[in-house]
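Listed below, chain by chain, are the residues.
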Protein chains: 2
Amino acid sequence: MSGSTSLAEQLKMAGFRMTRQRAAVLRAMADSPTPLSALQLWNQAKRNCPCLGLATVYRTLDVLNMVGGVERCHAASGRSFVSCPPGDHHHVVCVVCGRVAEFSRCNVASLIPEVSRETGFHVESHLLELAGICPTCLAEEKAE
Amino acid sequence: MSGSTSLAEQLKMAGFRMTRQRAAVLRAMADSPTPLSALQLWNQAKRNCPCLGLATVYRTLDVLNMVGGVERCHAASGRSFVSCPPGDHHHVVCVVCGRVAEFSRCNVASLIPEVSRETGFHVESHLLELAGICPTCLAEEKAE
DNA sequence: GACATAAATGAGAAGTCTTCTCACTTACTC
DNA sequence: GAGTAAGTGAGAAGACTTCTCATTTATGTC
């Protein structure tokens with residue numbers, strides 16, 4: 001679980017304590033192949049630490065965010081989730097179940113000169129989010 | 001306020017009624033050069049229609065969104081709305097003053113096959129929003 | 001290993017934003 | 001002008017997040 005280890009190290013280096021609860025949250029994040037919402041993270045992490053409180057999950061996310069270990073994203077649908085590692089990637093959100101996947105390929109940068117010309121804006125950043133149906137929901141749809 | 005008029009027409013064409021409350025919301029949106037949150041919109045619209053309820057603002061936004069007359073603006077925390085012309089376009093938002101411009105050029109579609117392959121998602125739609133500095137704020141920055 | 005202490009926690013209250021409910025009002029059709 | 005179905009206001013309810021505070025615990029020091 002190298003991801004979890006490095007996040008733990010980041011926390012320690014920043015002077016935060018490594019508690020059972022934080023370890024459980026880190027582990028839940030590392031174990032999930034896809035970004036999770038705070039609630040999902042709570043449910044996962046409780047397996048490792050049953051008495052974990054939801055507030056602690058939010059506090060841990062806050063701390064990790066401060067340290068730069070995770071990013072909190074707000075999807076167009078209003079749902080929010082935790083993305084790890086933060087940085088240059090975008091998300092696809094399932095319109096059926098809300099599952100989120102990440103992808104890094106992006107060609108928006110090549111569009112920017114044209115938009116600058118068209119609008120006069122000096123473009124600094126972009127937000128790209130795709131919506132669709134995840135493999136699981138696609139399979140279920142076909143099964144019906 | 002041509003923006004407001006055309007939104008009103010869009011509503012009527014879609015079979016919705018034009019009420020005093022909706023007119024107040026439309027007018028508030030048309031009068032604002034920047035995206036507004038539901039709460040801000042409520043406060044503005046109440047000037048034209050003092051007894052306006054907040055729920056009505058949300059309902060009106062819903063209806064307008066359905067009709068394609070407004071869109072969520074994500075740059076500012078994803079909680080605000082802009083009125084916009086119908087049709088395929090995206091927004092550039094000024095990070096300084098909040099002003100929004102539209103552009104139609106978009107190359108995201110060509111990205112979708114790759115993302116589908118990478119994530120297994122069946123991609124149906126995309127959201128693209130650029131952030132930067134508008135011509136007015138650029139000029140002011142240079143003047144300093 | 002025991003102790004001191006400041007950080008971290010759990011549980012639930014509180015806050016914020018949004019949607020829902022339902023009795024009442026009103027825009028639109030005839 | 002009357003009938004009617006869409007729309008409304010007010011407040012309850014719901015989802016998510018943050019705050020509060022008494023209690024617990026990780027960590028450095030002895």
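Up top is the structure.
Residues numbered from 1 in each chain as written. Chains lettered and ligands numbered in written order. Predicted model: local features only at pLDDT ≥ 70, side-chain atom pairs only at ≥ 80, totals over all residues. Heavy atoms only, no water.

Participant: An account of the overall build of chain A is requested, with residue identities and associated values reported.
Facilitator: Helix and strand content of chain A: six helices and five strands. Its helices and strands in sequence order give chain A the pattern α-α-α-α-β-β-β-β-α-β-α, from N to C terminus. When the backbone C-alpha atoms are referred to their principal axes, chain A occupies close to 55 × 50 × 25 Å. The proportion of buried residues among the 144 residues of chain A is 40%. Here the contacts in chain A between residues at least 6 apart in sequence split such that 42% fall between residues at least 24 apart. (Helix = DSSP H or I, 4+ residues; strand = E, 2+ residues; numbered from the N terminus. Buried < 20%, exposed > 50% of the residue type's maximum accessible area, 1.4 Å probe, protein only. Contact = heavy atoms within 4.5 Å.)

Participant: Lay out the packing of aromatic side chains in plain terms, naming residues and giving numbers.
Facilitator: For the coordinates displayed, the defined rule picks out zero aromatic pairs over all chains. In this arrangement the basic side chain of A:K46 is found over the ring face of A:W42, its NZ or CZ atom lying 3.6 Å from the centre. (Phe/Tyr/Trp six-rings, centres within 6.5 Å; stacked < 30°, edge-to-face > 60°. Lys NZ or Arg CZ within 6 Å of the ring centre and 35° of its normal.)

Participant: Would you mind going over the protein's contact with DNA strand D in detail, with residue names and values included?
Facilitator: The immediate surroundings of DNA strand D are formed by 24 residues, with A:Y58, A:S80, B:T19, B:R22 and B:T56 found nearest. Near-protein atoms of DNA strand D (within 4 Å) split between backbone and bases, with sugar and phosphate holding 70%. Within the contact set of DNA strand D, a base oxygen lies 3.4 Å away from a side-chain nitrogen or oxygen of A:R59. The contact in question runs from a phosphate oxygen of DNA strand D to an N or O atom on the backbone of B:G53, over 3.0 Å. Of all the elements, helix 4 (residues 54–67) of chain A adds the most residues to the surface near DNA strand D, at four residues. A per-class count over the surface near DNA strand D returns 10 nonpolar, six polar and eight charged. (Near = heavy atom within 4 Å. Polar contact = N/O pair within 3.5 Å; in protein donor to acceptor, adjacent residues only side chain to side chain. Nonpolar A, V, L, I, M, F, W, Y, C, P; charged D, E, K, R; others polar.)

Participant: Tell me what's going on with the sheet that holds strand 4 (residues 90–94) of chain B, and back it up with residues and numbers.
Facilitator: Across the sheet, which stays open at both edges, the six strands sit in the order 4(A)-3(A)-5(A)-6(B)-4(B)-5(B) with mixed pairing between neighbours. The open sheet terminates on both sides in strands that have one partner only, identified here as strand 4 (100–103) of chain A together with strand 5 (100–103) of chain B. Direction aside, neighbouring strands of the sheet carry axes that sit 25° apart on average. With 11 bridges connecting them, strand 5 (residues 122–133) of chain A and strand 6 (residues 122–133) of chain B associate as antiparallel partners. Residue pairing for strand 6 of chain B: A:E129 is matched across the bridge by B:L127. Across the sheet, helix 5 (residues 112–119) of chain A touches strand 5 of chain A together with strand 4, strand 5 and strand 6 of chain B, and the angle it forms with strand 5 of chain B is around 120°. Helix 6 (residues 135–143) of chain B rests against strand 5 of chain A together with strand 4 and strand 6 of chain B of the sheet, and its axis sits at about 30° to strand 6 of chain B. (Pairing = 2+ DSSP bridges. Axes fitted to C-alpha atoms, helices over the stretch in contact; angles between N-to-C directions.)

Participant: Explain the sheet that holds strand 2 (residues 70–73) of chain B to me, using residue names and the numbers behind them.
Facilitator: Residue and element names in this part refer to chain B. Strand order across the open sheet formed by three strands is 1-3-2, with antiparallel pairing between neighbours. Each having just a single partner strand, strand 1 (36–37) and strand 2 make up the two edges of the open sheet. As judged from the two bridges shared by strand 1 and strand 3 (residues 80–83), these two strands associate in the antiparallel manner. Paired with L36 across the two strands is F81, which belongs to strand 3.

Participant: Describe the interface of chain B and chain A, naming the residues involved and giving the relevant values.
Facilitator: With 38 residues of chain B at the contact, the number on the chain A side is 37 residues. Overall, the association of chain B and chain A removes approximately 3200 Å² of surface from exposure, summing both partners, and the carbon and sulfur fraction of that is 66%. Among the ionic pairs, B:R105 bridges to A:E114, the shortest N-O distance being 2.6 Å. Inspection of the region where chain B meets chain A yields 13 residue pairs in polar contact (both at pLDDT 80 or more). Looking at the side of chain B that touches chain A, the elements that each hand over two or more residues are strand 4, strand 5, helix 5 (112–119), strand 6 and helix 6 of chain B. The dominant element in the side of chain B that touches chain A, judged by the number of residues it contributes, is strand 6 of chain B, at 12 residues. Residue composition of the side of chain B that touches chain A, grouped by class: 20 nonpolar, 10 polar and eight charged. (Buried area = accessible area lost by both parts, 1.4 Å probe. Salt bridge = Lys/Arg side-chain N within 4 Å of Asp/Glu carboxyl O.)

Participant: Account for the side chain of B:H89, naming residues and giving values.
Facilitator: All names here are of chain B. Mapped onto the elements, H89 comes out in the loop between strand 3 and strand 4. What makes H89 buried here is its relative accessible area of 10%. With residues up to four places along the chain from it excluded, the contact list for H89 reads E71, C84, E102, F103 and S104.

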